[in-house]
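# Working through the structure, step by step
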Amino acid sequence: MRVLAIVLAGGEGKRLMPLTADRAKPAVPFGGIYRLIDFVLSNLANGHYLKIVVLTQYKNHSLDRHISRTWRLSAMLGNYVTPVPAQQRLGPHWFSGSADALFQNLNLVYDEMPEHVIVFGADHIYRMDPRQMVEQHIDSGADVTVAAIRQPLSLADQFGVIETDPAGRRITAFREKPTDAVGLPDAPDQVYASMGNYVFRTQAMIDALREDALDPTSKHDLGGNIIPMMVKSGSAEVYDFADNVVPGSTERDRGYWRDVGTLDAYYEAHMDLISAHPFFNLYNDRWPIYTGHDPLPPAKFVHNDGDRVGRAIDSLVSSGVIVSGGLAERSVLSPGVVLHSHSVVEDSVLMGNVKVGRGAIVRKAIIDKNVVIPDGARIGFDLEHDRSRFAVTGSGVVVIGKNEIVDR
Ligand code: ADQ
């Protein structure tokens, strides 16, 4: 069975600002050494779908670089992960929506002549064996199969909300980000949400995209236009993510899926990584999450001034980190981070090469690459003061953008 995978990686990620100020959302670093896109690409690669087109668009430089440096599959075997930037297409405009992005790249589908096309989003943290979804899709003969997961009713306006027939398989209604959703019959505080992952019968997808392209009122959006159209006219089925079992998963991390579209969700997903029994287990080597590594030296913990030993507790510490007389607790330290003596970093995410000066204290913060926290500085103590110079989220996480200058 010929299957082509297309990853939609053009999202702008406005709600992740300042982390998306100069990079596409799927290129946002995550978990110390990864980028968001590594999760979907690892799922596809582990499922042996090795012909992958990545549609990029907004500020795609670091994303393209990451894909071409990291995701080099064996061309000799006909495998590839190809980033396709929006600018390459004909015509005066960039893509208007995800369906337009697909429509403009149908030539890549014709080249491959697959029987089915996997179309997955690029900005979620999860493990999923896509083969199980494709299998259900083929067995059912559906035109499109949409992966779905239960989510709180309060978040319904962030998702495509699905209604099914009583058997729970055929989709009877699909509404993109409704503000008036009602809960499920068996769980009034939950809805059935689209994960933004689809498997299409190729010809059905082409027909729907062509019809949509002719509609001047359409936003050319998969969730907003294409899926509702296919629900009405053809056979659309749901794939329940709760049925997906990934090799090596445990009771605790089975079914984990996080949309990290907001800074608070992004922060919480990090906190999910660091506990002794994490909700998302990076150490499942039967379903590895792949990424690229610079050749960095091992992490190092040293005394400084002879008075205090560098320590990290309940934390993820990447290669190239030096904890020199500082203390990290419940934090993620990315490659090249340095904690100087008497510094304390708590409940925080530090991206590559962040330096924390002597005696500085950082609490509940996300600090993007290359930021230098001066000696003695306090971050996350006086939120009013922090708000005057940085972004502070609704739940009080201080976010400092890449290369930002921090005063004491
Ligand atoms: P959103 O994530 O809000 O909802 P969208 O902004 O279209 O939808 O992004 C979906 C994916 O497509 C992302 O991976 C994004 O990076 C990418 N993308 C968006 N526009 C693109 C373009 N022009 N070119 C290339 N890639 C593009 C979607 C669904 C909902 C579902 C949620 C789940 O529409 O129904 O519930 O995902 O998070």
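Rules and cut-offs
- Residues numbered from 1 in each chain as written.
- Predicted model: local features only at pLDDT ≥ 70, side-chain atom pairs only at ≥ 80, totals over all residues.
- Heavy atoms only, no water.
- UniProt positions renumbered as here; feature names shortened; annotations may be inferred.
- Helix = DSSP H or I, 4+ residues; strand = E, 2+ residues; numbered from the N terminus.
- Contact = heavy atoms within 4.5 Å.
- Buried < 20%, exposed > 50% of the residue type's maximum accessible area, 1.4 Å probe, protein only.
- Pairing = 2+ DSSP bridges.
- Domains from an automatic or database assignment.
- Buried area = accessible area lost by both parts, 1.4 Å probe.
- Salt bridge = Lys/Arg side-chain N within 4 Å of Asp/Glu carboxyl O.
- Polar contact = N/O pair within 3.5 Å; in protein donor to acceptor, adjacent residues only side chain to side chain.
- Nonpolar A, V, L, I, M, F, W, Y, C, P; charged D, E, K, R; others polar.
- Axes fitted to C-alpha atoms, helices over the stretch in contact; angles between N-to-C directions.
- Near = heavy atom within 4 Å.
- Areas by Shrake-Rupley, 256 points an atom, 1.4 Å probe, with all protein chains shown as cover.

Those residues carrying the UniProt feature "binding site: alpha-D-glucose 1-phosphate" (unreviewed entry) are G160, E176, K177 and S194 in this numbering. A maximum C-alpha distance of 10.0 Å among these annotated residues, which run over 35 residues, shows that they cluster at one spot. Checked against the element boundaries, G160 lands in strand β9 (residues 160-164). The residues contacting G160, other than those within four sequence positions of it, are F174, R175, E176, K177, Y192, A193 and S194. Beyond its immediate stretch of four places on either side in the chain, K177 contacts A156, D157, Q158, F159 and G160.

Taken residue by residue, a regular strand's side chains alternate between the two faces of the sheet. Among the six residues that make up strand β6 (residues 116-121), six are buried, leaving the element largely enclosed by the rest of the structure. Neither face of β6 is exposed, since H116, I118 and F120 on one face and V117, V119 and G121 on the opposite face are all buried. Here six bridges tie strand β1 (residues 3-9) to β6, and the two strands are oriented parallel to one another. The partner of A5 across the bridge, within β6, is I118.

The next thing to look at is the domain arrangement of the protein. Assigned domains of the protein: these are domain 1 (3-274) and domain 2 (300-400). For domain 1 and domain 2, the distance between their C-alpha centroids amounts to 34 Å. Regarding the contact of domain 1 and domain 2, the summed buried area is about 1,500 Å², with carbon and sulfur atoms giving 69% of it. When the shortest N-O distance is used, the salt bridge between D368 and R23 registers 2.9 Å. Along the contact surface separating domain 1 from domain 2 lie four residue pairs in polar contact (both at pLDDT 80 or more). When residues in the side of domain 1 that touches domain 2 are grouped by element, the largest group, eight residues, is from helix α8 (residues 263-274). Here the side of domain 1 that touches domain 2 is composed, by residue class, of ten nonpolar, three polar and three charged.

Strand order in the open sheet formed by six strands is β17-β20-β23-β26-β30-β29, and the pairing between neighbours is mixed. The open sheet has two edge strands, β17 (316-317) and β29 (391-392), and neither has a second partner. In this structure, strand β26 (residues 365-367) lies alongside strand β30 (residues 398-400), joined through three bridges in parallel fashion. Each residue of the ladder has a partner; that of A365, found in β30, is V398. Where α8 meets the sheet, it contacts β17, β20 (332-333), β23 (349-350), β26 and β30, and its direction lies at approximately 95 degrees from that of β26.

On to the site of the ligand, then. G10, G11, E176, K177 and S194 are the nearest of the 26 residues found near the ligand. In the model, an oxygen atom of the ligand is placed 2.8 Å from a nitrogen or oxygen of the L8 main chain. Within the side chain of K177, one N or O atom sits 2.4 Å away from an oxygen atom of the ligand. Protein contacts shield 86% of the accessible area of the ligand, which totals 710 Å² for the unbound molecule.

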